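Next come the chains, spelled out residue by residue.
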Amino acid sequence: MSVKIAIIGLGYVGLPLARLFATQYAVVGFDINQDRIAALNSGCDATLEVDEATLKAVLVDSPSAEKGLFCSSNLDDIKQCNYYIVTVPTPVDKNNRPDLTPLYKASETVGKVLKKGDIVIYESTVYPGVTEEECIPVLEKISGLQFNVDFFAGYSPERINPGDKEHTVEKILKVTSGSTPEIGQKVNDLYRSVITAGTHLAPSIKVAEAAKVIENSQRDINIAFVNELAKIFNLLEIDTHAVLEAAGTKWNFLPFKPGLVGGHCIGVDPYYLAQKAQEKGYHPEIILAGRRLNDSMGEYVAAQVVKLMIKKGVTINGAKLLMLGFTFKENCPDVRNTKIVDVVMALADYGIEVTIFDPWANPEEVMHEYHLKMTNQLPSATYDALVLGVAHKEFEALDFAQLKKPNGVLFDVKGILKDKADGKL
């Protein structure tokens, strides 16, 4: 039987994967967002993960094509597929509890078209057990089929790094797994056929799930450590970045830097692992301590900016501040779970008027998600304070002296401006 793949969810993870598989297989990219589908079929990817020429090179105009990518929001177009790969987001709610709603809905979608012999692979980051304990029952209920008898499952966690044009999906080693040894090998062979960096077949789905969730938990804890160091060294009036540079001369020192920890992975995944641990009666102290510290950094940055403004004689209430950058990372339009919003809200609580400038982010998306106004055009005004929140390449050429008032403050969250800034993490 020939391989025909459905990718469920065409966001930052799904589209690059669909594009890659489409170079060798028949692929149907499915997404419920009809505007997204229309844009992709015209060759436009708003996430900027796949450029127009690369996308158009694999697009086909029929779901029956022998090879290539057909994008659709029509359920009928994925009925003939035999591999279903789910790449929907796994966020947390306002109380930082895992929200599996997108996974449940995607599983319901697949369940409606599932046939005997099909394999469903999940890529979404989850805590160990979600695939088999939460998603599979949905597939069985909707399809009426029996797991590991009529259909099978796999898990291969995504490792996409949004905005990274060097470490693209095919260049990142892929962890794979299956619900039986035979299916594990099939899943592994499928990914190995397109992933040039190679694959690692895990012994079980739960092992693969756990491996993914600890990758970002580890980064979160390490960043929390250097964030705490930044707070200490600021009190001691020592340059944190100079300290890290000196310590980094040792071969086994880990080169983490202080900063705001947001995005769809690092700021979210630890809560998934913590949730599962608490269900089993264990309170994960280190993981949650790291999360608390990193979640506090937005208010800390705002407080440091205000202190500098006061020292320079700036009246805080009614002061005007320009926030440079809003996305969760540099040179990327992704605003999911950005922690810049914490800085903006904290500054507003001081009575400061904040203008947000970001050449990468979509103002409509920022308004929809955060109810904040944002501009893609650099304002012509001068400000009492400037905060470099994101290290976009466009900011390297800015004349900060022209943007701030004579007694204005320049605060560098990213630590890239060297001696130009009045303060930094």
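As the structure is a prediction and not an experimental result, all values here were calculated from the model.

## Details of the sheet that holds strand E3 (residues 68-72)
What links the strands of a sheet is backbone hydrogen bonding, and the strands pair in either a parallel or an antiparallel sense.
Thinking step 1. Taken in spatial order, the six strands line up as E3-E2-E1-E4-E5-E6 in an open sheet, and their pairing is parallel. Among the strands making up the open sheet, the edge pair consists of E3 and strand E6 (152-155). Geometrically, the sheet is characterised by an average inter-axis angle of 20° between neighbouring strands, direction not taken into account.
Thinking step 2. Bridging between strand E4 (residues 83-86) and strand E5 (residues 119-122) involves four bridges; their strand directions are parallel. Residue pairing in the sheet places Val86 in a bridge with Tyr122 of E5.
Thinking step 3. Each of strand E1 (4-8), strand E2 (26-30), E4 and E5 is contacted by helix H4 (residues 101-111), which is oriented at about 165° to E4, the strand it contacts most.

## Thoughts on a nonpolar patch on the surface
Thinking step 1. Together, Ile232, Leu235, Leu236 and Ile238 give the surface a local cluster of nonpolar side chains, amounting to about 410 Å² of exposed area.
Thinking step 2. Classification of Ile238 as partly exposed rests on a relative accessible area of 36%.

## Here's the deal with the domain arrangement of the chain
Thinking step 1. With domains assigned, the chain is organised as domain 1 (4-203) and domain 2 (240-424).
Thinking step 2. Distance from the C-alpha centre of domain 1 to the C-alpha centre of domain 2: 33 Å.
Thinking step 3. Taken together, the contact between domain 1 and domain 2 spans 22 residues of the former and 19 residues of the latter.
Thinking step 4. Both faces combined, the contact of domain 1 with domain 2 buries some 1,600 Å², and carbon together with sulfur accounts for 60% of it.
Thinking step 5. Contact with domain 2 buries surface across domain 1, with Tyr12, Tyr127 and Pro162 losing the most and accounting together for 31% of the total.
Thinking step 6. Scanning the region where domain 1 abuts domain 2 turns up one salt bridge.
Thinking step 7. Of the residues in the side of domain 1 that touches domain 2, the class split is twelve nonpolar, six polar and four charged.

## So, unusual backbone geometry
Thinking step 1. The phi angle at Leu48 is positive, at roughly 65°, despite the residue not being glycine.
Thinking step 2. Structurally, the position occupied by Leu48 is in the loop between helix H2 (34-41) and helix H3 (52-58).
Thinking step 3. Judged by its relative accessible area of 43%, Leu48 falls in the partly exposed class.
Thinking step 4. At Asn96, a residue that is not glycine, the phi angle is positive and equals roughly 60°.
Thinking step 5. Inspection of the secondary structure assignment puts Asn96 in the loop between E4 and H4.
Thinking step 6. Judged by its relative accessible area of 31%, Asn96 is partly exposed.

Rules used throughout
- Residues numbered from 1 in each chain as written.
- Predicted model: local features only at pLDDT ≥ 70, side-chain atom pairs only at ≥ 80, totals over all residues.
- Heavy atoms only, no water.
- Pairing = 2+ DSSP bridges.
- Helix = DSSP H or I, 4+ residues; strand = E, 2+ residues; numbered from the N terminus.
- Axes fitted to C-alpha atoms, helices over the stretch in contact; angles between N-to-C directions.
- Contact = heavy atoms within 4.5 Å.
- Patch = residues over 30% accessible without salt bridge, like charges linked within 9 Å, V, L, I, M, F, W, Y side chains within 5 Å.
- Areas by Shrake-Rupley, 256 points an atom, 1.4 Å probe, with all protein chains shown as cover.
- Salt bridge = Lys/Arg side-chain N within 4 Å of Asp/Glu carboxyl O.
- Buried < 20%, exposed > 50% of the residue type's maximum accessible area, 1.4 Å probe, protein only.
- Domains from an automatic or database assignment.
- Buried area = accessible area lost by both parts, 1.4 Å probe.
- Nonpolar A, V, L, I, M, F, W, Y, C, P; charged D, E, K, R; others polar.

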